[in-house]
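# Residue-level structure breakdown
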Amino acid sequence: MHTMWISGAEWFAVLRIGLGLWWLESWRHKDKKTWFGGGGVQWAAGIADKHRWALVRSGFDVVVKPRPRTMAYVVAYAELALGLGLIAGLLTPIALVAGLVLSLIYLVLMIHDVSEQGQNLMMALISATGLLGMCWQAWSLDAAIGLFV
């Protein structure tokens, strides 16, 4: 593969690091007091309650509603872990799959909100591209220690 300035593997690393920064920003911009106090789950519950797909409504009621505090921590710290893991390139394929799943969950939950769809879809696309392009080959701890060779 011929590219300008840097190698193809390094361009994939740029995508990986950019996606990691995006996840880190998702974590950073949350109002933690409101989020961990239940505000984030209440907001999502309002969206899930009006969702056009019964599977989303019932899935949210079974998985998230009974444990709002736990789910608030899971979501926030998943975003933090994804951001740090992708930036550092540590356990990158696992982070990419987890990020792809989380992006698709957000995409399905927010199917009515067109403004959110671009972000979720782009994050899912970058995750899939990074996974298929093996973006951990350059500028990563995975490459430095020989993981996922």
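Here is a short report on the structure shown in this document. Note that the structure is a prediction, hence the values are computed from the model and not measured. (Residues numbered from 1 in each chain as written. Predicted model: local features only at pLDDT ≥ 70, side-chain atom pairs only at ≥ 80, totals over all residues. Heavy atoms only, no water.)

A word on the side chain of Asp 142. Locating Asp 142 in the fold gives a position in helix α7 (residues 141-145). As a buried residue without a salt bridge, Asp 142 has its nearest oppositely charged side chain in Arg 16, at a separation of 7.0 Å. Side-chain polar atoms of Asp 142 contact the side chain of Thr 92, separated by 2.6 Å. (Helix = DSSP H or I, 4+ residues; strand = E, 2+ residues; numbered from the N terminus. Buried < 20%, exposed > 50% of the residue type's maximum accessible area, 1.4 Å probe, protein only. Lys, Arg positive; Asp, Glu negative; His and termini not counted. Salt bridge = Lys/Arg side-chain N within 4 Å of Asp/Glu carboxyl O. Polar contact = N/O pair within 3.5 Å; in protein donor to acceptor, adjacent residues only side chain to side chain.)

Looking now at the packing of aromatic side chains. Throughout the structure, instances matching the rule amount to five aromatic pairs. Ring centres 4.1 Å apart and planes at 15 degrees place the aromatic pair Phe 36 and Tyr 73 in the stacked group. On the criterion of sequence distance, the pair formed by Phe 36 in helix α2 (residues 32-49) and Tyr 73 in helix α4 (residues 68-88) is long-range, its members being 37 residues apart. Overall, Tyr 73 belongs to the partly exposed group, its relative accessible area being 31%. Seen from their ring centres, Phe 36 and Tyr 77 are 5.8 Å apart, and the 5 degrees between their planes marks the pair as stacked. Here Tyr 77 lies in helix α4 and Phe 36 lies in helix α2, a separation of 41 residues in the sequence. Taking relative accessible area as the criterion, Phe 36 reaches 13% and is therefore assigned buried. An aromatic cluster of three or more residues is present, and its members are Phe 36, Tyr 73 and Tyr 77. Against the face of Trp 35 rests Lys 30, its NZ or CZ located 4.6 Å from the ring centre. The cationic tip of Lys 32 hangs over the ring face of Trp 27; the distance from NZ or CZ to the ring centre is 4.2 Å. (Phe/Tyr/Trp six-rings, centres within 6.5 Å; stacked < 30°, edge-to-face > 60°. Lys NZ or Arg CZ within 6 Å of the ring centre and 35° of its normal.)

Another point: the nonpolar core. Ranked by size, the top nonpolar core spans 28 residues in total, and within it Leu 19, Trp 23 and Phe 60 carry the most contacts. Among the elements of the structure, α1 (8-28), α2, α3 (54-63), α4, α5 (92-109) and α6 (114-132) are those that each provide at least two residues to this core. Counting residues per element, this core draws most heavily on α2, which supplies seven residues. Discounting residues that sit within four places of it in the chain, Phe 60 has contacts with Val 41, Ala 44, Ala 45, Ala 48, Lys 65 and Pro 66. (Core = buried A, V, L, I, M, F, W, Y, C linked by side-chain atoms within 4.5 Å. Contact = heavy atoms within 4.5 Å.)

As a further point, take the side chain of Thr 92. For Thr 92, the location among the structural elements is in helix α5. Within the local environment of Thr 92, its side chain forms a polar contact with the backbone oxygen of Gly 89, the two atoms lying 3.2 Å apart.

Across its 18 residues, α2 extends 24 Å between first and last C-alpha, which sits within 8% of the 26 Å expected from 1.5 Å per residue. What α2 keeps buried is the set Trp 35, Phe 36, Gly 38, Gly 40, Val 41, Ala 44, Ala 45, Ile 47 and Ala 48. (Expected span 1.5 Å × (residues − 1).)

What follows is about a nonpolar patch on the surface. Taken together, the side chains of Leu 90, Leu 91, Ile 94, Leu 141, Ile 145, Leu 147 and Phe 148 present a nonpolar region at the surface, about 600 Å² in accessible area. When you line up the elements, Ile 94 lands in helix α5. Ile 94 gets classed as exposed once you look at its relative accessible area, which sits at 53%. (Patch = residues over 30% accessible without salt bridge, like charges linked within 9 Å, V, L, I, M, F, W, Y side chains within 5 Å. Areas by Shrake-Rupley, 256 points an atom, 1.4 Å probe, with all protein chains shown as cover.)

None of the figures reported here should be taken as evidence of function without further support.
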